[in-house]
Amino acid sequence: MKNIDSYTHTRGESIYLDDIPVQAGTLYAACFDSPVAHGKIKHLDLRAAENSYGVVRILTYKDIRGINQIGGIIPDEELFAEHHVHFCGMPVALVLAETDHQARAAVKKIKIEIEPLTVITDPRVAAALGELIVPPRTFKIGDSTAAWDNCDHIVEGSAYTNGQEHLYIETQGAYAIPGENGVIKIYSSTQGPTAVQRAVSKVTGLPMHMLEVDVTRLGGGFGGKEDQANTWAALVALATQITGKPAKYSLGRMEDIRMTGKRHPYSSDFKIGLNKDLKIIAYEVTFYQNAGASADLSPAVMERTLFHATNSYFIPNATATAYSCRTNLPPNTAFRGFGGPQGMFVIESAIAKAADELGIDPMEIQQKNLLKTGDEFLYGQKVVSEANECWNKAVEHFNASKLRQEVAEFNMQNRLYKKGIAFMPVCFGISFTNTMMNQGRALVHVYTDGSVVVSTGAIEMGQGVNTKILQVVQSTFGIDAAKIKVNSTNTYRIANTSPSAASATADLNGKATQIACTAILDRMKEVAANELNVTAGSISVCEEAIYLNGDRTTMDWKSLVLLTYSKRVSLSEHGHYATPGIHFDKTIEKGHPFAYHVFGTAITTVTIDCLRGIYEVDSVKLVHDFGGSMNKVIDLGQIEGGIVQGIGWMTMEEVVYDQEGRLRSNALSTYKVPDIYSVPKEIVVEYLETQQDNLAIFRSKAVGEPPLMYGIGTFFGLRNAIKNFNPGLRPPFAAPMTPERVLMNLYPGKPTVETTSATLEITAAPSI
Ligand code: MTE
Ligand code: HPA
Ligand code: MOS
């Protein structure tokens, strides 16, 4: 089934926050945010702004009726700066005006005097100063300290991955509307309606039942709206509470990029030990996570880094330690993969470095150490399906030896163009790492004309979850898709939602939907059975017809619905699902945190221009474990989008903060994301249908985040291409591998290249 949003999307009729009709009297909000990364506020001068045309009011922390606190995991984040500013972009005041333009014009008239304090941007510096968000955590299997003696090769090194701007197409925003008796309705572009409701409740001091949060869809979230949509919702709700008027804030792109956190940059140290047979015997890794100025989701992100520290490999002795370091950057946050990619990059770097030292291809080490059924992860869970299966199928299906041979031949024939090939196996755990969050709910109503409306806690953000929910209703009831409407996500219909995140949205909300539909259907079957004087077990529904022991009866879906109603039997149900069997004990850092794992292996081939440093991704060919995909086109979209986003992070997206903590890459002119010219020339997906039991909805495994990590293969493909140009080179494990970095890695210490001989080579080389 195609995405149910495709019709309105292509006609430009889909409704996003900014498309909601604005009520008369709506005030427009705009933030005055700190121009300084760390300092003490000496004086805030609002007079000129207050007198600015159209300005109705300016809010600061003094106007807050609840508490000035929006921290989710840890209460360490002020909504408005009170006496200190902790990052450039921290909200200090909110201007409310009659128009958007007037609000922004007034913001420019606000003056602030800040006494500067020391600015920390480097997580290692923060760690050395003891500036940690939470105490460090260590995951451990076996005894790595003792195991070094059993290693024939030991390699040490460091790795660095940069941040990443979410660049959802729809910027952050919220719109608050006052109702009767102090109730506030909030439209928010959020992945977490309940997180918004809680944050607004804290800031306004209003109980949660006075706050209705409604979300139709997002123009992308990618983790950036899991927690960070709260700020704007809290600001407009506060404005409504104080003025009694509707208030709206839809961020401009530069405001959004400047004021919001990004993927966490990580700086890490590793040590890896192998035996003669290339088995990894021991691995030690220390992660320094750049959390930014407050906790946000950093402790949870750090935890997932530890869970994925060994990626797809079985390592009998591994110790992984992580520090979440407080710096003066905007609080970094969830981003597709949620710390997993950062952890995986380091183990892949360790393997690549070991391969460098041994003079072999990294794939030899990768292949020898893949997880097998029964192997234990460093957090105690056992592997139930094989990483080997995807790897072997990729090798076979895409004829890896031929691919490698083609690369070798190309490299023999070309001096200034080199190809590189890299394998990237991925193993990603599905479930929120915080066990409590693994619950979902759905409310299903069947109307007397046989049509159905379903509401869940799922947020549609482009990933196609609403289509999957609709499919669950359709196949559970056995009715036509046209009879089903997926409603907006609303905290008055579905309470206490987990954010749509962790790739688990379709599983949690889809299962809850299935439970609700099954309960209604069971009651309807009971009614039919009474009518026909048979047992309910002999009744079934298929394509809107009612069957008795496989034989069609005169009853159909619609008449049975009416009959059920006439018998005064409920046609509504609220379904609740909680993932069974998962647990985790933080005191020993062991347990069974994930419902299941998603596996895959990608083979990436790249070509670099060794004269200019530019490159192309020739192809990404992968085998991905879908369990059994319930919607192949939607899942293909997730794979393609994830890969391109991962490649962007690894190759071209360069978040640059200067020493003063000011974001230099603050616009699309200074921050390059993949465009149609930089996507791989070819992405080939081979669907692996695995047979093992899994807890996925309809056995269709979660697909949202895992593909992003295939993008890591591009970094190592580029690195291998550089080494194919000059086998003596050892490019550092520092991402992103921008064209500038490729060039500098090709010619370390050589600033210029002879142009004359190069010109000759270019004519002989293929176009790139
Ligand atoms: N795909 C689109 N088009 N837009 C998004 O914002 N977010 C990603 C992924 N794919 C995202 C997306 C992230 S970070 C997650 S966790 C999952 O979708 C969330 O949705 P799911 O749980 O339904 O997979
Ligand atoms: N993944 C994504 N988001 C989350 C998680 C997680 O594991 N835990 C809390 N928020
Ligand atoms: Mo996704 S980072 O879990 O929103």
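Quick note: structure is the one above.
What you are looking at is a predicted structure, and each value in this text was computed from that prediction instead of being measured. (Residues numbered from 1 in each chain as written. Chains lettered and ligands numbered in written order. Predicted model: local features only at pLDDT ≥ 70, side-chain atom pairs only at ≥ 80, totals over all residues. Heavy atoms only, no water.)

Undergrad: Help me understand the site of ligand 1, please; the structure alone is not making it clear to me.
TA: If you check the shell around ligand 1, you find 16 residues, and the closest are Gly221, Phe222, Met461, Thr505 and Gln638. The separation between an oxygen atom of ligand 1 and a polar main-chain atom of glycine 221 is 2.7 Å. Contacts to ligand 1 include glutamine 463, whose side-chain N or O atom sits 3.1 Å from an oxygen atom. Out of a free accessible area of 520 Å², ligand 1 has 92% covered by protein chains. Of the residues assigned to the shell around ligand 1, the class counts are five nonpolar, nine polar and two charged. (Near = heavy atom within 4 Å. Polar contact = N/O pair within 3.5 Å; in protein donor to acceptor, adjacent residues only side chain to side chain. Areas by Shrake-Rupley, 256 points an atom, 1.4 Å probe, with all protein chains shown as cover. Nonpolar A, V, L, I, M, F, W, Y, C, P; charged D, E, K, R; others polar.)

Undergrad: For this particular structure, what's the right way to read the pairing of strand E11 (residues 211-215)?
TA: Two faces, one strand: in a regular strand the side chains alternate between the faces of the sheet. For E11, the buried fraction is high: five of the five residues fall into the buried class. Neither face of E11 is left uncovered, since the one carrying Leu211, Val213 and Val215 and the one carrying Glu212 and Asp214 both have all their residues buried. In this structure, strand E10 (residues 184-188) lies alongside E11, joined through four bridges in parallel fashion. What sits directly across from isoleucine 184, in E11, is leucine 211. Each parallel crossover has a hand, and for E10 linked through helix H6 (residues 193-204) to E11 it is right-handed. Bridge count for E11 against strand E20 (residues 489-490) is two bridges, and the pairing is antiparallel. When the sheet's bridge partners are listed, valine 215 is paired in E20 with threonine 489. (Buried < 20%, exposed > 50% of the residue type's maximum accessible area, 1.4 Å probe, protein only. Helix = DSSP H or I, 4+ residues; strand = E, 2+ residues; numbered from the N terminus. Pairing = 2+ DSSP bridges. Right-handed = clockwise from strand over helix to strand, strands pointing away.)

Undergrad: Explain the nonpolar core here, please?
TA: The nonpolar side chains of a soluble globular protein tend to be buried with one another. With 109 residues, the main nonpolar core has Ile272, Tyr283, Phe287, Phe345, Ile608 and Ile712 as its most contacted residues. The dominant element in this core, judged by the number of residues it contributes, is helix H10 (residues 340-358), at nine residues. In this structure, Ile184, Val215, Ala237 and Leu238 belong to the second largest nonpolar core, which totals 38 residues. (Core = buried A, V, L, I, M, F, W, Y, C linked by side-chain atoms within 4.5 Å.)

Undergrad: How should the packing of aromatic side chains be read in this particular structure?
TA: Aromatic rings considered in pairs are described by the distance between their centres and by the relative angle of their planes. Enumeration according to the criterion identifies 20 aromatic pairs in this entry. Where phenylalanine 139 meets phenylalanine 307, the ring centres are 5.0 Å apart and the plane angle is 80 degrees; that geometry is what we call edge-to-face. Here the residue phenylalanine 139 occupies a position in strand E7 (residues 137-141), and phenylalanine 307 occupies one in helix H9 (residues 298-307), the gap between them amounting to 168 residues. Each member of the pair phenylalanine 139 and phenylalanine 307 is classed as buried. Centroid distance phenylalanine 307 to phenylalanine 584: 5.1 Å. Interplanar angle 65 degrees. Geometry classified as edge-to-face. One end of the pair, phenylalanine 307, is in helix H9; the other, phenylalanine 584, is in strand E25 (residues 583-585), and 277 residues separate them in sequence. A relative accessible area of 2% means that phenylalanine 307 is categorised as buried. You can call phenylalanine 584 buried: its relative accessible area is 16%. Cluster of aromatic residues (ring-pair linked, three or more members): Phe139, Phe307, Phe377, Tyr379, Phe584 and Phe594. Over the ring of tyrosine 16 we find arginine 217, and its NZ or CZ is 5.7 Å from the ring centre. Cation over ring: lysine 632 sits above tyrosine 687, and NZ or CZ is 4.7 Å from the ring centre. (Phe/Tyr/Trp six-rings, centres within 6.5 Å; stacked < 30°, edge-to-face > 60°. Lys NZ or Arg CZ within 6 Å of the ring centre and 35° of its normal.)

Undergrad: Got a minute to help me understand the sheet that holds strand E6 (residues 111-116) in this structure?
TA: Strand-to-strand pairing in sheets goes through backbone hydrogen bonds, with the strands running parallel or antiparallel. If you trace the three strands from one edge of the open sheet to the other, you get E4-E2-E6, paired in antiparallel fashion. Of all the strands in the sheet, just strand E4 (84-85) and E6 have a single pairing partner and so form its edges. Inspection of the sheet shows strand E2 (residues 39-45) paired to E6 by six bridges, in the antiparallel sense. Its bridge partner being in E6, isoleucine 41 is matched across the sheet by isoleucine 114.

Undergrad: Would you explain the sheet that holds strand E22 (residues 545-548) in this entry?
TA: Spatially, the three strands line up as an open sheet ordered E21-E22-E23, and their pairing is antiparallel. Each end of this open sheet is capped by a strand with a single partner; those strands are strand E21 (539-542) and strand E23 (551-556). Taking each pair of neighbouring strands and ignoring which way they run, the sheet shows an average axis angle of 40 degrees. One ladder, built from three bridges, connects E22 with E23; its direction is antiparallel. The partner of leucine 548 across the bridge, within E23, is aspartate 551. Of the strands in this sheet, E21 and E23 are in contact with helix H15 (residues 505-532), which crosses E21 at around 120 degrees. This element, helix H16 (residues 557-566), spans E21, E22 and E23 of the sheet and lies at about 55 degrees to E23. (Axes fitted to C-alpha atoms, helices over the stretch in contact; angles between N-to-C directions. Contact = heavy atoms within 4.5 Å.)

Undergrad: Sorry if this is basic, but what is going on with the side chain of arginine 217 here?
TA: Note that arginine 217 resides in the loop between E11 and helix H7 (230-243). Arginine 217 gets classed as buried once you look at its relative accessible area, which sits at 12%. Among the polar contacts made by the side chain of arginine 217, one reaches the main-chain carbonyl oxygen of isoleucine 15 at a distance of 3.1 Å. Discounting chain neighbours no more than four positions away, the residues touching arginine 217 are Asp5, Thr8, His9, Ser14, Ile15, Tyr16, Glu170 and Glu460.

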